[in-house]
Amino acid sequence: MTDPKGRGRQRSSESEEAILKATLQLLKEKSLRDITVDAIARKAGVGKMTIYKWWPSKAYVALDAFRKKMNKVVVMPDTGDTERDLAELLYSIMSFYISPTGRIFSQFLAESQSDPEFAVLFREHFLKPRRESVGVFLDRAMKEGAIDHTLNREILLDLIFGPMVFRLMAGHGALNRAESDAMISTLLRGIRSNAPKLKRASGDKAAVIQV
């Protein structure tokens, strides 16, 4: 995520990394609303104005830090099998969200319910880019005939990830590999195309999602 205003001078990679790391550490200890830019600056060992040169508010810093961390650990599989790829992707995201850093996602969801301004920022700078990344995968699967191409892509994205988010918030069901396999298998029974599938070679390796 880059600030649309193009704030300040070129970033120091060391300072940026320190700021993002400090922000994630603070978010593990308290809520976003209880964190200040001053606290982030102190923990990162940088000046407050350094942060404001690169981000307009603490919310931008928090979302940037979380997104970049997630991009490092969540991968987009490319095995040539749509069901397997979706199940692996869902499990990868599940595993991240139940980790100490990943649990910050639940905090963002909660904050969105009480802060309309943050809710817009959360959708535009985190959810929207990530949905688009997975949407590209769905477009490919539809083109290859693995998924019915007449289906609504946005609804499909909700159906894939909605159960995981609900379990994350309600805590009524497990978030593990067996469950991710079952969720995707059940979903694909309804959205699988009856048209002949196009064969393609699987990718050499999984690629990190970049948004």
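Residues numbered from 1 in each chain as written. Predicted model: local features only at pLDDT ≥ 70, side-chain atom pairs only at ≥ 80, totals over all residues. Heavy atoms only, no water.

1. Considerations on the overall build of the protein chain
Within the protein chain, the secondary structure is distributed over 9 helices and 2 strands. Start at the N end of the protein chain and walk to the C end: the helices and strands fall as α-α-α-α-β-α-α-α-α-α-β. Counting every position in the protein chain, which comprises 211 residues, the buried fraction comes to 44%. Summarising the internal contacts of the protein chain: among those between residues at least 6 apart in sequence, 71% fall at separations of at least 24. (Helix = DSSP H or I, 4+ residues; strand = E, 2+ residues; numbered from the N terminus. Buried < 20%, exposed > 50% of the residue type's maximum accessible area, 1.4 Å probe, protein only. Contact = heavy atoms within 4.5 Å.)

2. Notes on helix 6 (residues 104-114)
Burial analysis of helix 6 places 8 of its 11 residues in the buried class, which makes it a mostly covered element. Every buried residue of helix 6 is listed here: I104, F105, S106, Q107, F108, L109, E111 and S112. The inward-facing, buried residues of helix 6 contact helix 1 (13-29), helix 4 (58-73), helix 5 (82-97), helix 7 (116-143) and helix 8 (153-170).

3. Considerations on the side chain of S112
Residue position: S112 is located in helix 6. A polar contact is formed between the side chain of S112 and the backbone oxygen of F108, at a distance of 2.9 Å. Setting aside its immediate chain neighbours within four residues, S112 contacts F118, A119 and F122. (Polar contact = N/O pair within 3.5 Å; in protein donor to acceptor, adjacent residues only side chain to side chain.)

4. Concerning the packing of aromatic side chains
With the rule as written, the count across this model stands at 12 aromatic pairs. Considering the side-chain rings of F105 and F126, the 6.1 Å spacing of their centres and the 50° angle between planes classify their relative orientation as tilted. Of this pair, F105 sits in helix 6 while F126 sits in helix 7, placing them 21 residues apart in sequence. A single burial state applies to F105 and to F126, both of which are buried. Put simply, the rings of F66, F96, Y97, F105, F108, F118, F122 and F126 pair up and form one aromatic cluster. (Phe/Tyr/Trp six-rings, centres within 6.5 Å; stacked < 30°, edge-to-face > 60°.)

5. Description of the nonpolar core
Membership of the largest hydrophobic core comes to 62 residues, with the highest contact counts inside it found for I19, I51, F66, Y97, F108 and F161. Ranked by the residues each element gives to this core, the list is headed by helix 7, at 9 residues. If sequence neighbours within four positions are ignored, I51 has contacts with I19, V37, I40, A41, V46 and V61. (Core = buried A, V, L, I, M, F, W, Y, C linked by side-chain atoms within 4.5 Å.)

6. Digging into the layout of surface pockets
There is about 440 Å³ of room inside the largest pocket. Around the largest pocket, the lining comprises 22 residues; the ones closest to its centre are F105, L127, R131, F161 and V165. Secondary-structure elements contributing two or more residues to the lining of the largest pocket are helix 5, helix 6, helix 7 and helix 8. At 8 residues, helix 7 tops the list of elements feeding residues into the lining of the largest pocket. Classifying every residue of the lining of the largest pocket gives 15 nonpolar, 3 polar and 4 charged. (1 Å grid on protein atoms, 1.4 Å probe; cavity = no way out; pocket = protein on both sides within 12 Å on 5 of 7 lines; lining within 4 Å. Points joined across faces, edges and corners; volume = space filled by probe spheres on them. Nonpolar A, V, L, I, M, F, W, Y, C, P; charged D, E, K, R; others polar.)

7. Quick word on the packing of helix 6 against helix 7
Working note: a packed helix pair is described by the angle between its axes plus the distance between those axes. Between helix 6 and helix 7, whose axes approach to 6 Å, the crossing angle comes to 135°. One finds that helix 6 runs oblique with respect to helix 7. Crossing handedness for the pair helix 6 and helix 7: left-handed. Here helix 6 contributes F105, F108, L109, E111, S112 and S114 to the contact with helix 7, which in turn contributes P116, F118, A119, F122, F126 and L127. The residue makeup of the contact of helix 6 with helix 7, split by class, is 9 nonpolar, 2 polar and 1 charged. (Axes fitted to C-alpha atoms, helices over the stretch in contact; angles between N-to-C directions. Parallel < 35°, antiparallel > 145°, perpendicular 65-115°, else oblique. Left-handed = near helix turned anticlockwise from the far one by under 90°.)

8. As for the side chain of D85
Mapped onto the elements, D85 comes out in helix 5. Taking the relative accessible area as the measure of exposure, D85 reaches 1% and is therefore buried. Only 2.7 Å separates the side chain of D85 from the side chain of T79, close enough to count as a polar contact.

9. Comments concerning helix 4
The end-to-end C-alpha distance of helix 4, which contains 16 residues, comes to 23 Å, matching closely the 22 Å that a straight helix rising 1.5 Å per residue would cover. Those residues of helix 4 that sit buried are A59, Y60, V61, A62, L63, D64, A65, F66, R67, M70 and N71. (Expected span 1.5 Å × (residues − 1).)

10. Observations concerning the confidence of the model for the protein chain
For the protein chain, mean pLDDT is 87; residues scoring 70 or higher make up 86% of the total. Under a pLDDT of 50 for its full length, residues 1-8 has, in the predicted model, 14 contacts with residues more than four places off or in other chains. Every residue in residues 205-211 scores below 50 in pLDDT, and together they form 22 contacts with partners more than four places removed in sequence or on other chains. (pLDDT = per-residue confidence, 0-100.)

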